[in-house]
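# Working through the structure, step by step
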Amino acid sequence: VGFLAISQATELVYEERLGTAFTTAATLEHNVQELVHNTESIRGRLLKASSSQETREIGADLLAVVSSTAAYSLVSAQSLWFVGREGSIQFVLPGSAEPESVPLPASALTTAKKPALLAPATPSEDPHFGILVVPIMDDAGISPWTVVLHLTALNRDEPYYLPPRKDIPEAAAPAERS
């Protein structure tokens, strides 16, 4: 009877941990999909940009969105690069995120046809989570731009609540828990 009780308790602990792992994985997947969606949303503006100043403004607007810790539960962007068709880095935001500080395989920039999440090249103590490569495709299926987001992990002590959806009127949104 004692071994059966221990076996059942152990099974319950494993099930609880597995449930937590599935929930975390689903939340992380949603978080990354939102980052990809927000990055791809600049497509029209970026493809129509006619100057480097306009392109920088688009990058600054994007960084303001993808670096918001309030909008994402587990990871957000700490910096971004705009990479041209040939694989050359056109600019970096913020300026302190120099390309030499983050090794990145050049093949990931020039051959990416869909978004890819790359693990950090080297382990470190900082909360660097990974690199999200998002190609911006034109109507011909060519990627004149690739946006590279450098992701950082968010450590939260408080519960995370999804921000209100824009497609649901504020009155219809559930009341915020306290």
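Anything mentioned here points back to the structure above.
Anyway, here's the lowdown on the structure attached to this text. These figures come from a predicted structure and were not determined experimentally.

Reading guide: rules and limits
Residues numbered from 1 in each chain as written. Predicted model: local features only at pLDDT ≥ 70, side-chain atom pairs only at ≥ 80, totals over all residues. Heavy atoms only, no water. Helix = DSSP H or I, 4+ residues; strand = E, 2+ residues; numbered from the N terminus. Expected span 1.5 Å × (residues − 1). Buried < 20%, exposed > 50% of the residue type's maximum accessible area, 1.4 Å probe, protein only. Contact = heavy atoms within 4.5 Å. Pairing = 2+ DSSP bridges. Axes fitted to C-alpha atoms, helices over the stretch in contact; angles between N-to-C directions.

Our next topic: helix α1 (residues 2-40). Count 3.6 residues to each turn of an α-helix, and residues three or four apart come out pointing the same way. Here α1 contains 39 residues, and its C-alpha end-to-end distance of 57 Å stays within 8% of the 57 Å for a straight helix at 1.5 Å per residue. Considered for burial, the residues of α1 that qualify are N31, V32, L35, V36, N38 and T39.

Once that is clear, we can look at the side chain of T39. Within the secondary structure, T39 is located in helix α1. Once you skip the residues sitting within four places of it in the chain, T39 turns out to touch L62, V66, V134, I136, V147 and L149.

Here we have 5 strands laid out as an open sheet, ordered β2-β1-β5-β4-β3, and antiparallel in their pairing. Of all strands in the sheet, those with a lone pairing partner are β2 (89-93) and β3 (116-118), marking the two edges. Going from strand to strand, the sheet's axes swing by 25° on average, the running direction of each strand aside. Sheet topology places strand β1 (residues 75-84) next to β2; 4 bridges connect them, and they run antiparallel. Bridge pairing in β2 places F82 opposite F91. Running at roughly 40° to strand β4 (residues 128-136), α1 makes contact with β1, β3, β4 and β5 (145-153) of the sheet. Contacts from helix α3 (residues 52-66) reach β1, β2 and β5 within the one sheet, and its direction differs from that of β1 by about 160°.

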